[in-house]
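# Understanding the architecture of this molecule
Spelled out from the first residue to the last, the chains are:
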Amino acid sequence: MGDEKSLFAGLDLCRTEAQLTWFDERKMEPESLRVSGEAAAAAGEYLIPMVLAVKPGNKEWLFGQEAVRADDKAVKIDRLIERILTGEGFEQEGMSFSPEFLLERYLRKVLSILKGKFPNQTITRLTVTTEDSQPVLISAVYRVLQMLGIGRDRALVQSHSQSFMHYTLNQPKDIWMNDVGLFELDRKGLMYYQLSINRRTVPMTAMITKEDLSATFGYDLIEDRLPPEQLDYIFDNLARSVLHKKIVSTLYITGKGFEGTWADETLKALCVGRRVFKGQNLYAKGACYAARELWKKSGPDYILLDEEMLPASVKVRLYTDARMTDYVLVQAGTPWYEASNQICVILDDTKEFEFIISNPMKKESVHQVMTLDGFYERGNKLTKLSLSIHFLDRITAVITVRDIGFGEFAPSRHRIWEQQLLI
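Right, let's walk through the structure included here. Because the structure is predicted, anything quoted here is derived from the model rather than measured.

We now examine the overall build of the protein. Helix and strand content of the protein: 10 helices and 25 strands. Taken along the three principal axes of its C-alpha coordinates, the protein extends 80 × 60 × 45 Å. Per-residue burial over the protein gives 53% buried out of 423 residues. Working note: accessible area of the protein is about 21000 Å², and carbon and sulfur atoms make up 49% of it.

Shown next, in the form of structure tokens:
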């Protein structure tokens, strides 16, 4: 790598397997990390089954294909992501493990592959991307990474759709000159995502929409081993219907369900007038791009928006450095479950806070006022308050103001004010 001190990595965690990538500074693009050992050929070069095994005798932990291939004496543990989501631990033969402990064992083993390739380097930034973006999973992954010595200053957890956007926007511009589509077929069924770039906003916005096609094309069709021509016929009709009258210049095809050649005829037809790419490493590479961009702040000047991200920024009007300033509390494009902030302010002849909600898709901002009703009068500039913001969902913010006193001059009266803002 060009910069021996920087190691940027992306890790895709799906329900059944994981995939690890690292950023090659010479090629200026992510590379998928091959799974070493004889078992790699059986599992695919890059996919690491999300399975653990422990040998009761010596407590040795195995992972991935080693765990899958372990003999009957080893205790095998799967469904690691599902265990986090449900809170289900593992108990057998006197052994008891929490879901986070199991995920920590697995990630420690997976990241050891990266350590083996770069023994003299430390991960500068790691982005983990997940197909499930529930807050309980996101929080658990952050805690597990902290156990491994990778704190939030070096870690980012994001959804597959965010990784799709990061991957696409790091491709040549002719790839995303028009809209970009993504067909994904996995155990959830067939999904279609469409990425649109709005170049009229400042900064530009990248928005993603989703269509769930699983009611017509579920993963059970793959498991039931329908004839290839029948699978291809169903997919061809769905693809034509979804893309009808849409200007899509590029299509990505991903997911375990697209393995094999059954969809080749439809993919050839879809190539007419557009580019089509098929592969299984899009999310892992998108995560790696995000790791490098966010650390080096070298990414394109876009706000990425999807169904998990804040559609607007929230600012509060403050007087600082001898002038009025609109201080940004949270930025548009931040996942709502990670959007929070807290500041301290001193009141100066006012009992109100003015908030400005700026949506990059709209030309005008919305102003909302929060009044501190029942506020106890003190001398001017003798009231110090804590102002914090968090979100209940992607459009509902909660503003909390607390009286924290002003030292010996004005003890706190422990008053709290709250108000919701719709953005």
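The relative placement of two packed helices is expressed as an angle between their axes plus a distance between the axes. Orientation of helix H4 (residues 99-117) relative to helix H5 (residues 135-147), taken along the N-to-C sense of each, is 60°, at an axis distance of 9 Å. Classified by the angle between their axes, H4 and H5 sit oblique to one another. In this structure, the crossing between H4 and H5 has a hand that is right-handed. The residues of H5 that touch H4, namely those facing Glu100, Leu103, Glu104, Leu107 and Arg108, are Ala140, Val141, Arg143, Val144, Leu145 and Met147. Among the residues forming the contact of H4 with H5, the class breakdown is seven nonpolar, no polar and four charged.

Turning our eyes to something else, we now look at the layout of surface pockets. The space that makes up the second largest pocket amounts to roughly 460 Å³. Forming the boundary of the second largest pocket are 15 residues, of which Arg317, Leu318, Tyr319, Asp348 and Thr350 lie nearest the centre. If you list the elements that add at least two residues to the lining of the second largest pocket, you get strand S18 (313-320), strand S20 (341-346) and strand S21 (352-358). Considering only residue class, the lining of the second largest pocket consists of nine nonpolar, one polar and five charged.

This part is about the environment of Pro335. Relative to the elements of secondary structure, Pro335 occurs in the loop between strand S19 (323-330) and S20. Separated by 143 residues in the primary sequence, Pro335 and Tyr192 place their C-alpha atoms 21 Å from one another. Once residues lying within four places of it in the same chain are set aside, the contact partners of Pro335 are Gln162, Glu308 and Met309.

Okay, the pairing of strand S2 (residues 17-24) next. Taken residue by residue, a regular strand's side chains alternate between the two faces of the sheet. Counting buried residues in S2 gives eight out of eight residues, a clear majority hidden from the surface. Of the two faces of S2, the one holding Glu17, Gln19, Thr21 and Phe23 and the one holding Ala18, Leu20, Trp22 and Asp24 are both buried throughout. Bridging between strand S1 (residues 8-13) and S2 involves five bridges; their strand directions are antiparallel. Note that in S2 the partner of Ala9 across the bridge is Trp22. Here S1 folds back onto S2, and the loop between the two strands holds three residues. Relative to strand S4 (residues 48-49), S2 runs antiparallel, the two sharing two bridges. Its bridge partner being in S4, Ala18 is matched across the sheet by Ile48. Where S2 and strand S3 (residues 29-32) come together, four bridges link them in antiparallel fashion. Residue Thr21 lies in a different strand from S3, and its bridge partner there is Ser32. Once S2 ends, the chain turns through four residues before running back antiparallel as S3, passing Met28 with a positive phi of about 60°.

In this structure, Leu11, Leu13, Tyr106, Leu107, Leu114 and Leu126 are the most contacted members of the largest nonpolar core, which totals 49 residues. If you look at the next biggest cluster of nonpolar residues, it comprises 27 residues, including Phe353, Leu372, Ile389 and Trp417.

Attention shifts here to the sheet that holds strand S7 (residues 75-77). Overall, antiparallel pairing links the three strands, which are arranged S6-S5-S7 in an open sheet. In this open sheet, the two edge strands, each paired with only one partner strand, are strand S6 (60-63) and S7. The average angle at which neighbouring strand axes cross in this sheet is 25°, direction not considered. Bridging between strand S5 (residues 52-55) and S7 involves three bridges; their strand directions are antiparallel. Each residue of the ladder has a partner; that of Val54, found in S7, is Val75.

Inspection of the entire model under this criterion finds 19 aromatic pairs. Between Trp176 and Tyr302, the ring centres sit 5.8 Å apart and the planes meet at 85°, which makes this aromatic pair edge-to-face. Here Trp176, found in the loop between helix H6 (160-169) and strand S12 (179-186), pairs with Tyr302, found in strand S17 (residues 302-305); they are 126 residues apart in sequence, far enough to count as distant. These aromatic residues form a ring-pair network of at least three members: Phe23, Phe164, Tyr167, Tyr252, Phe277 and Tyr289.

Another aspect to go through is the pairing of S21. In terms of residue burial, S21 counts as a mostly covered element, since five of its seven residues are buried. As paired elements, S18 and S21 share four bridges and run antiparallel to each other. Residue pairing in the sheet places Lys315 in a bridge with Ile356 of S21. Across six bridges, the pairing between S21 and strand S22 (residues 366-371) is antiparallel.

Pairing in this open sheet of four strands is antiparallel, and the strands run S20-S23-S24-S25 from one edge to the other. Each having just a single partner strand, S20 and strand S25 (416-422) make up the two edges of the open sheet. Within the sheet, the average angular offset between the axes of one strand and its neighbour, ignoring direction, is 20°. Direction of pairing for S20 relative to strand S23 (residues 384-393): antiparallel, over a ladder of six bridges. Bridged to Val345 within S23 is Leu385.

What counts, and at which threshold
Residues numbered from 1 in each chain as written. Predicted model: local features only at pLDDT ≥ 70, side-chain atom pairs only at ≥ 80, totals over all residues. Heavy atoms only, no water. Helix = DSSP H or I, 4+ residues; strand = E, 2+ residues; numbered from the N terminus. Buried < 20%, exposed > 50% of the residue type's maximum accessible area, 1.4 Å probe, protein only. Areas by Shrake-Rupley, 256 points an atom, 1.4 Å probe, with all protein chains shown as cover. Axes fitted to C-alpha atoms, helices over the stretch in contact; angles between N-to-C directions. Parallel < 35°, antiparallel > 145°, perpendicular 65-115°, else oblique. Left-handed = near helix turned anticlockwise from the far one by under 90°. Contact = heavy atoms within 4.5 Å. Nonpolar A, V, L, I, M, F, W, Y, C, P; charged D, E, K, R; others polar. 1 Å grid on protein atoms, 1.4 Å probe; cavity = no way out; pocket = protein on both sides within 12 Å on 5 of 7 lines; lining within 4 Å. Points joined across faces, edges and corners; volume = space filled by probe spheres on them. Pairing = 2+ DSSP bridges. Core = buried A, V, L, I, M, F, W, Y, C linked by side-chain atoms within 4.5 Å. Phe/Tyr/Trp six-rings, centres within 6.5 Å; stacked < 30°, edge-to-face > 60°.

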